[in-house]
Amino acid sequence: MNKLSVYGSTGFIGGTFCSLFPEDVIKIPREQRHPESDDILYLISTTTNHNMLTDLSIDVDVNLGVLCETLEHCKNNDITFNYVSTGFVYGADIIDAKETDYCDTVGFYSITKRAAEQLIVSFCQVNDVKYRIMRIANVYGNDPTVSIKKNVLGFLKNRMMDNLPINLYDNGEPLRDYMHVIDVCRAIDTVVNMGEVNSIYNIATGNPLPFRSILQKIKDNLGSQSKFVPTEMPRFNQLTIPKNFSLNVDKLKSLGFQPIISLDEGLKALCS
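Scope of this entry: the structure provided in the associated data block. On a predicted model such as this, the values are computed, not experimentally measured, just so you know.

Definitions and cut-offs
- Residues numbered from 1 in each chain as written.
- Predicted model: local features only at pLDDT ≥ 70, side-chain atom pairs only at ≥ 80, totals over all residues.
- Heavy atoms only, no water.
- Helix = DSSP H or I, 4+ residues; strand = E, 2+ residues; numbered from the N terminus.
- Buried < 20%, exposed > 50% of the residue type's maximum accessible area, 1.4 Å probe, protein only.
- Lys, Arg positive; Asp, Glu negative; His and termini not counted.
- Salt bridge = Lys/Arg side-chain N within 4 Å of Asp/Glu carboxyl O.
- Contact = heavy atoms within 4.5 Å.
- Expected span 1.5 Å × (residues − 1).
- Axes fitted to C-alpha atoms, helices over the stretch in contact; angles between N-to-C directions.
- Parallel < 35°, antiparallel > 145°, perpendicular 65-115°, else oblique.
- Left-handed = near helix turned anticlockwise from the far one by under 90°.
- Nonpolar A, V, L, I, M, F, W, Y, C, P; charged D, E, K, R; others polar.
- Phe/Tyr/Trp six-rings, centres within 6.5 Å; stacked < 30°, edge-to-face > 60°.
- Lys NZ or Arg CZ within 6 Å of the ring centre and 35° of its normal.

## Structural notes on unusual backbone geometry
Located in the positive-phi region is Asp170, a residue other than glycine, with phi close to 50°. Locating Asp170 in the fold gives a position in the loop between β8 (166-169) and β9 (175-176). Exposure remark for Asp170: the relative accessible area of 37% places this residue in the partly exposed category. With a phi angle near 55°, Asn171 is a residue other than glycine that sits in the positive phi range. Mapped onto the elements of the fold, Asn171 is located in the loop between β8 and β9. Assessed through its relative accessible area of 32%, Asn171 is described here as partly exposed.

Printed below as a string of structure tokens:
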């Protein structure tokens, strides 16, 4: 494989990927649209459905507008366009979702990510360009940009460090599949190097747990006195955030991929 032209190399996942595989990447500057090699890893994206509450156009501008500006420079049939998407495209209640499942997408972020997938497929078919699409589940790790809207697990860990109460929608019973960012990047590297072209791959551990039990592990690691408080889910969340979220990873496993950081190990490191 040639070096990867990485778009979005300063984000949480992109920055981690570039630090893990420094000899394999070319970091594309924020405002540059043309690639520096025939192999592309594209991670430019918004990160939350909450943008629609404050700016209706940002998800469209970033997830679709910047993508199309980049695709204009990719009309070379030697190019392989590797696109990092999200498992949120599957819909409002995602349980063991397979790559072939129908996508009933909700929320501006998720809808534009799904539209981006479809734009890429259409563009690549018309221009005889190869592509891979990777749908990522929940990611965690030492992300300095955590908030209630982005990487909520890290945000709630910070609250538990201060012994603050933790509001739990549906008493924390919905499923979540958290994968450490290092394993996410390893999985991306596996798909880029070994995955079939013109194909979609889920990236997750395949071992979902109730969100409450994940938070309990953090609480135990911290020795926190935080209380879990059952809370009614806001209407916005009901309409735009998946209730359960777990992805089937049989296709990823068929490439020989296995995570190397268990949830217990990763959460212990997160809390240290």
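More follows now that the structure is in view.
## Observations regarding the side chain of Lys157
Tracing the chain through its elements places Lys157 in helix α4 (residues 152-161). No salt bridge forms around the buried Lys157; measuring N to O, its nearest opposite-charge neighbour Asp162 is 9.7 Å away. Once residues lying within four places of it in the same chain are set aside, the contact partners of Lys157 are Ile218, Leu222, Leu270 and Cys271.

## Thoughts on helix α5 (residues 181-194)
Taking 1.5 Å of rise per residue, the 14 residues of α5 would be expected to cover 20 Å, and the 20 Å separating its terminal C-alpha atoms lies within 8% of that figure. Extensive coverage of α5 is indicated by the burial of ten of its 14 residues.

## Concerning the packing of helix α2 (residues 58-71) against helix α3 (residues 108-127)
Two measures define how a pair of helices packs: the angle their axes make with one another and the distance between the axes. Close contact between α2 and α3 brings their axes to 8 Å; oriented N to C, the two are set at 15°. Classified by the interaxial angle, the pair formed by α2 and α3 is roughly parallel. Judged by the sense of rotation from one axis to the other, the crossing of α2 with α3 is right-handed. On α3, the residues that touch Asp59, Val60, Asn63, Leu64, Leu67, Cys68 and Leu71 of α2 are Phe108, Tyr109, Thr112, Lys113, Ala115, Ala116, Leu119, Ile120 and Phe123. Split by residue class, the contact of α2 with α3 holds twelve nonpolar, two polar and two charged.

## Side note on the pattern of salt bridges
Opposite charge on two side chains allows them to pair when their charged atoms are near. Enumeration according to the criterion identifies seven salt bridges in this entry. Residues Arg33 and Glu69 are paired through a salt bridge, measuring 2.8 Å at the closest nitrogen-oxygen approach. Pair noted here: Arg33 is in the loop between β2 (25-27) and β3 (39-42) and Glu69 is in helix α2, with a separation of 36 residues, a long-range link. Given a relative accessible area of 41%, Glu69 falls into the partly exposed group. For Arg114, the salt bridge is made with Glu117, and the minimal N-O distance between the two is 2.9 Å.

## Re the packing of aromatic side chains
In total, this model carries eight aromatic pairs according to the counting rule given. A ring pair is formed by Phe17 and Phe21, whose centres lie 4.9 Å apart and whose planes are at 50°; its orientation type is tilted. The class for Phe17 is buried, based on a relative accessible area of 1%. A residue is classified by how much of its surface remains accessible, and Phe21, at 17% relative accessible area, is buried. Members of the aromatic cluster, joined through ring pairs, are Tyr7, Tyr42, Phe81 and Tyr83. Looking at Lys219, its charged tip hangs above the ring of Phe228, at a distance of 5.1 Å from the centre.

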